[in-house]
Amino acid sequence: MDFTDRVRGALLGGALGDALGWPIEFQRLDQIRARFGPDGLTDLADAGLGGQVTDDTQMTLFTAEGLLRGGRPEDLHAAYRRWFLTQRLPEPGRDPDGWLAAQDFLYASRAPGNACTTGVATDYRPAAPFGQDGPVNPGSKGCGTVMRSAPFGLFGLGPQEAFRQAAVAAQLTHGHPTGYLAAGAFAALVARVAAGTPLRAALDAVLAQVDAQYLGQETGDALRRAVRIADEGPGSAEGVERVGLGWIAEECLAVAVYAALAAPDARTALVLSVNHSGDSDSTGAVCGNLVGALHGLSGLPADWCALVEGRDVVLQVADDLVTASTHGDRSALAARYPQAAVAAAAPAPAAPPATVVVPADPSGRTRFRQRDTGV
Ligand SMILES: [Mg+2]
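Named according to an unreviewed UniProt entry, the protein chain is ADP-ribosylglycohydrolase originating from Kitasatospora cineracea.

In structure tokens, the structure reads:
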């Protein structure tokens, strides 16, 4: 399996999980079982919504677009503003800003999160040093950070830089340290898995990254809980709900990891990741990103891939990420991903914080380690 197959799998897998979870996002497990039977919703064809995707897939595509249109935090902010416009308009305007914003299927508003919408409505503000509250929605750690961050791990950045850039961009909407550190952890995990590292080894490495961060403990504890419960036996909805319900960032990541570990293949993992009383489309999307990177496009259920909304666009974006990150022929990219004239003319952005500023810790139990500030 090559890198392209993994990148395609990661993006399309996310769309599959999003589409599978969307019809049951606001249903409890007992309601899901009453509606679909004791195994819950097990087939995208049964979901009844024609493979619709939601804000998770939409924002993931705009994350990729932001990377392809410059990659600075300001470029990510501009990309999320273009996503925000899709939530306010019925269809693309007369002169859409770029190829992605011209895609009709993105102009659907399907329960986007509050922090994401209010955050991107805010003017651009630079990220705070890791370990401090971010400037936008400082108390928020909803899963809207994690569910959109896979592309940072699919852009050839490497796990350290994927972590840093995802966590910085997460602060555009969510300021709680766990909200943005969990996004960093997810991007780093996707980067490692997409590079071919086995899932367990990738998790160990990401846990070391997380543990090196001041205030990384909530994310690390959630990941360790996912591994521990996955090791107890076969995956189950009850197991998922012991890991978490996925409304908050670290639990969303942990549910995805649990499902990926506890299931033998992508289809089983996706089913496991959405059948619970929590945020099913986001846990499905994040799990889909992860198992897609792990098993590749060729490992995803082909019948679901044929059904999911926006498949051709998702695969084009995946191929564009690969092209841009691997010395492919980039001539077609400029037309799809115009660099804004203002952005192109702007001076180089200020360097992001190279070292973590550690607030005073009266308890003396600071988990920060100086040598790991490269994350
Ligand atoms: Mg959603």
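Here the narrative resumes.
Asks: What is the right way to look at the overall build of the protein chain in this model?
Replies: Of regular secondary structure, the protein chain possesses 17 helices and zero strands. The C-alpha radius of gyration of the protein chain comes to 19 Å, within 12% of the 21 Å expected for a compact globule of 375 residues. When the backbone C-alpha atoms are referred to their principal axes, the protein chain occupies close to 60 × 60 × 40 Å. Residues counted as buried form 54% of the 375 residues belonging to the protein chain. Within the protein chain, counting contacts between residues at least 6 apart in sequence, those at least 24 apart form 76% of the total.

Asks: What should I look at first to understand the environment of alanine 191 in this one?
Replies: Following the sequence through the fold, alanine 191 ends up in helix α7 (residues 177–194). Taking the C-alpha atoms as reference points, alanine 191 and leucine 294, 103 residues apart in sequence, are found 10 Å from one another. Not counting the four nearest positions on each side in its chain, alanine 191 is found in contact with Gly153, Leu157, Gly158, Pro159 and Ala162.

Asks: What exactly am I supposed to notice about unusual backbone geometry here?
Replies: For residues besides glycine, phi is generally negative; the peptide bonds are generally trans as well. Despite not being glycine, alanine 111 has its phi angle at roughly 55 degrees, a positive value. Residue position: alanine 111 is located in the loop between α4 (73–88) and α5 (114–121). C-beta crowding within 10 Å serves as the criterion here: with 13 such atoms nearby, alanine 111 is assigned to the partly exposed category.

Asks: How should I be thinking about the packing of helix α9 (residues 217–230) against helix α11 (residues 249–262) in this particular structure?
Replies: To describe two helices that pack against each other, one gives the angle between their axes and the distance between the axes. Contact pair α9 / α11: the axes reach a minimum separation of 8 Å and the direction vectors enclose 25 degrees. The orientation of α9 relative to α11 falls into the category roughly parallel. Crossing angle aside, the handedness with which α9 passes α11 is right-handed. Touching Glu218, Thr219, Ala222, Leu223, Arg225, Ala226, Val227, Ile229 and Ala230 of α9 are Glu250, Glu251, Leu253, Ala254, Val257, Tyr258, Leu261 and Ala262, all from α11.

Asks: So what exactly am I meant to see when it comes to the UniProt feature "binding site: Mg(2+)" (unreviewed entry) in the protein chain here?
Replies: The positions UniProt marks with the feature "binding site: Mg(2+)" (unreviewed entry) are Thr54, Asp55, Asp56, Asp279, Asp281 and Ser282. Across 229 residues in sequence, these annotated residues keep their C-alpha atoms within 12.5 Å of one another, forming a single compact spot. Secondary-structure assignment places threonine 54 in the loop between α2 (29–36) and α3 (55–68). Among the residues examined, threonine 54 registers 25 C-beta atoms within 10 Å and is labelled buried.

Asks: For this particular structure, what's the right way to read α9?
Replies: The periodicity of an α-helix, 3.6 residues per turn, causes residues three or four places apart in sequence to face the same way. With 14 residues, α9 ought to run about 20 Å at 1.5 Å a step, and its terminal C-alpha atoms sit 20 Å apart, in line with that. Listing the buried residues of α9 in full gives Glu218, Thr219, Gly220, Ala222, Leu223, Ala226, Ile229 and Ala230. In this fold, the buried residues of α9 make contact with α7, α8 (199–211), α10 (237–243) and α11.

Asks: Looking at this model, I keep getting lost on the nonpolar core. Mind explaining?
Replies: One broad rule of soluble globular proteins: the nonpolar side chains tend to lie buried together. Grouped together as the largest cluster of nonpolar side chains are 114 residues, with contacts concentrated most on Leu16, Ala187, Val190, Leu253, Tyr258, Ala259 and Leu290. Looking at which element gives the most residues to this core, the answer is α7, with 13 residues. Apart from the residues lying within four places of it in its own chain, the contact partners of valine 190 are Ala10, Ala150, Gly153, Leu154, Asn289, Leu290 and Ala293.

Asks: For this particular structure, what's the right way to read the confidence of the model for the protein chain?
Replies: The predicted coordinates should not be examined in detail at positions where pLDDT is low. This prediction gives the protein chain a mean pLDDT of 91; 90% of its residues lie at or above 70. Contacts of residues 342–349 to residues separated by more than four positions or lying in other chains number six contacts, the stretch itself having pLDDT below 50.

Asks: Would you mind showing me how to read helix α15 (residues 311–325) here?
Replies: Compared with the 21 Å implied by 1.5 Å per residue over 15 residues, the 21 Å span of α15 between its first and last C-alpha is a close match. Buried residues belonging to α15 abut α1 (3–21), α3 and α16 (333–336). Positioned one or two residues after α15, histidine 327 has a phi angle of 60 degrees, which is positive.

What counts as what
- Residues numbered from 1 in each chain as written.
- Predicted model: local features only at pLDDT ≥ 70, side-chain atom pairs only at ≥ 80, totals over all residues.
- Helix = DSSP H or I, 4+ residues; strand = E, 2+ residues; numbered from the N terminus.
- Rg over C-alpha atoms; globule rule 2.2 N^0.38 Å.
- Buried ≥ 20, exposed ≤ 12 C-beta atoms within 10 Å, placed from the backbone.
- Contact = placed C-beta atoms within 7 Å.
- Axes fitted to C-alpha atoms, helices over the stretch in contact; angles between N-to-C directions.
- Parallel < 35°, antiparallel > 145°, perpendicular 65-115°, else oblique.
- Left-handed = near helix turned anticlockwise from the far one by under 90°.
- UniProt positions renumbered as here; feature names shortened; annotations may be inferred.
- Expected span 1.5 Å × (residues − 1).
- Core = buried A, V, L, I, M, F, W, Y, C linked by C-beta atoms within 7 Å.
- pLDDT = per-residue confidence, 0-100.

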